[in-house]
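# Inside the fold
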Amino acid sequence: MEIFERLKYIRKTLNLTQKNFAKEIGMSQSGYSQIETGDKPINDRLIKPICLAFNIDENWLRTGEGEMFIKVEDSIFKQLSEKYNLNEKDLCFIKHYLNMNPQNRQYLLNMILNMADAIRADFKIIK
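Residues numbered from 1 in each chain as written. Predicted model: local features only at pLDDT ≥ 70, side-chain atom pairs only at ≥ 80, totals over all residues. Heavy atoms only, no water.

What follows is about the overall build of the chain. Summing up its helical and strand segments, the chain has eight helices and zero strands in all. Walking the chain from its N terminus toward its C terminus, one meets helices and strands in the order α-α-α-α-α-α-α-α. Relative to its length of 127 residues, the chain is extended, with a C-alpha radius of gyration of 22 Å against a globular reference of 14 Å. Along the longest, intermediate and shortest principal axes, the C-alpha atoms of the chain span 70 × 35 × 25 Å. (Helix = DSSP H or I, 4+ residues; strand = E, 2+ residues; numbered from the N terminus. Rg over C-alpha atoms; globule rule 2.2 N^0.38 Å.)

Here's what the structure looks like:
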């Protein structure tokens, strides 16, 4: 299956018209139609918006390998990572924090705030 065929498959799977699909990625229906039929090659700059708009795995869209959809949780973390330039350690910390029960999260937050207060107090003494 070629990339233009995968695009059509995505659209059909999501039960969208070409017009609605194109609108989601900021294209005209006629321009998108040319891509979907293979008459016009897909521009690389359209790949990311398509993947983000429809939760599509970029590797699957480009190659057909793997799963079409990415897990919502992975998608959220990927978006956070891209938006805030997070590295693997940042993401690991965030995931562990979010998986804590509310009491443990509050305890950790209180510890961090107490530590910040102590550092501020020490900094005032040094000045």
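Attention now goes to the packing of aromatic side chains. Considering all chains together, one arrives at four aromatic pairs under this definition. Geometrically, the ring pair formed by Tyr9 and Trp60 is tilted, given 6.4 Å between the ring centres and 45° between the ring planes. In this pair, Tyr9 sits in helix α1 (residues 3–13) while Trp60 sits in helix α5 (residues 58–63), placing the two residues 51 residues apart along the sequence. On the accessibility criterion, Tyr9 (43% relative accessible area) is partly exposed. Among the aromatic residues, those joined into a cluster by ring pairs are Phe21, Tyr32 and Phe54. Between the NZ or CZ atom of Lys95 and the centre of the ring of Phe77, over which it lies, the distance is 5.0 Å. The ring of Tyr97 has Arg105 lying over it, and the distance from NZ or CZ to the ring centre is 5.9 Å. (Phe/Tyr/Trp six-rings, centres within 6.5 Å; stacked < 30°, edge-to-face > 60°. Buried < 20%, exposed > 50% of the residue type's maximum accessible area, 1.4 Å probe, protein only. Lys NZ or Arg CZ within 6 Å of the ring centre and 35° of its normal.)

Two numbers describe a pair of packed helices, the interaxial angle and the distance between the axes. Following both chains from N to C, one finds α1 and helix α3 (residues 29–36) inclined at 120°, their axes separated by 8 Å at the closest point. With respect to α3, the element α1 is oriented oblique. Together, Phe4, Leu7, Lys8 and Arg11 of α1 and Tyr32, Ile35 and Glu36 of α3 make up the contact between the two elements. (Axes fitted to C-alpha atoms, helices over the stretch in contact; angles between N-to-C directions. Parallel < 35°, antiparallel > 145°, perpendicular 65-115°, else oblique. Contact = heavy atoms within 4.5 Å.)

Take unusual backbone geometry next. Unlike most non-glycine residues, Asn55 shows phi in positive territory, near 60°. If you trace the backbone, Asn55 turns up in the loop between α4 (44–54) and α5. Classification of Asn55 as buried rests on a relative accessible area of 19%. Even without glycine at this site, Asn85 takes up a positive phi of about 55°.

Between its terminal C-alpha atoms helix α6 (residues 72–84) stretches 18 Å, which fits the 18 Å expected from 13 residues at 1.5 Å a residue. Turning to α6, its buried residues number three or more, namely Ser75, Phe77 and Ser81. Down the axis of α6, the buried side of the element spans an arc of 170°, and every buried residue falls inside it. Turned more than 90 degrees away from the buried face of α6, the exposed residues are Val72 and Lys83. In this structure, the buried side of α6 is in contact with α7 (88–99). Residue Asn85 follows α6 closely and has a positive phi angle near 55°. (Expected span 1.5 Å × (residues − 1). Arc of directions from axis to C-beta.)

Quick look at the pattern of salt bridges now. Scanning the entire structure with this criterion turns up five salt bridges. We note a salt bridge from Glu58 to Lys48, for which the minimum N-O separation is 3.2 Å. Residue Glu58 is found in helix α5, and its partner Lys48 is found in helix α4; the two are separated by ten residues along the sequence. Residue classification places Lys48 among the partly exposed residues on the basis of a relative accessible area of 42%. Put simply, Arg62 and Glu58 hold a salt bridge, and the shortest N to O gap is 3.0 Å. Of this pair, Arg62 and Glu58 are both found in helix α5, four residues apart, which corresponds to roughly one turn of the helix. (Salt bridge = Lys/Arg side-chain N within 4 Å of Asp/Glu carboxyl O.)

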